[in-house]
Amino acid sequence: IANDGTFSGYGSIFAEVDTYGDAVVPGAFKASLARHAADARMPALLWQHDTTCPIGIWTKIGEDKKGLWCEGRLILDVAQAREAHA
């Protein structure tokens, strides 16, 4: 994470088994990403998937051959975003 709160990385890697025994397959995010694109908006950038705690904005999200590539920026005026940044 850069000093200004920008970051990038994979939000999900395809075919990797997680601690719950699940593996995400290519195309898993296609419909959701298409809905967001059709609405000209991005998904919310949340703290720990908590819809009551937005901490930033996504600037780019898309699937590639490896997984779900994400780029975003934490809003460092938000206390929880500062904690995530730290």
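Scroll up for the structure.
Below: a short report on this structure. (Residues numbered from 1 in each chain as written. Predicted model: local features only at pLDDT ≥ 70, side-chain atom pairs only at ≥ 80, totals over all residues. Heavy atoms only, no water.)

## Observations concerning the state of the cysteines
In total, this model carries zero disulfides according to the counting rule given. The structure places no disulfide on cysteine 53, whose sulfur is separated from the nearest cysteine sulfur, that of cysteine 70, by 18 Å. (Disulfide = S-S within 2.5 Å.)

## So, the sheet that holds strand S4 (residues 67-74)
In spatial order, the strands read S1-S4-S3-S2; together these four strands make up an open sheet with antiparallel pairing. The open sheet is flanked by strand S1 (6-13) and strand S2 (44-46), the only strands paired with a single partner. On average, each strand axis in the sheet is tilted by 40° relative to the strand beside it, whichever way the strands run. Here S1 runs beside S4; their pairing, made up of seven bridges, is antiparallel. If you follow serine 8 over to S4, its bridge partner there is glutamate 71. (Pairing = 2+ DSSP bridges. Helix = DSSP H or I, 4+ residues; strand = E, 2+ residues; numbered from the N terminus. Axes fitted to C-alpha atoms, helices over the stretch in contact; angles between N-to-C directions.)

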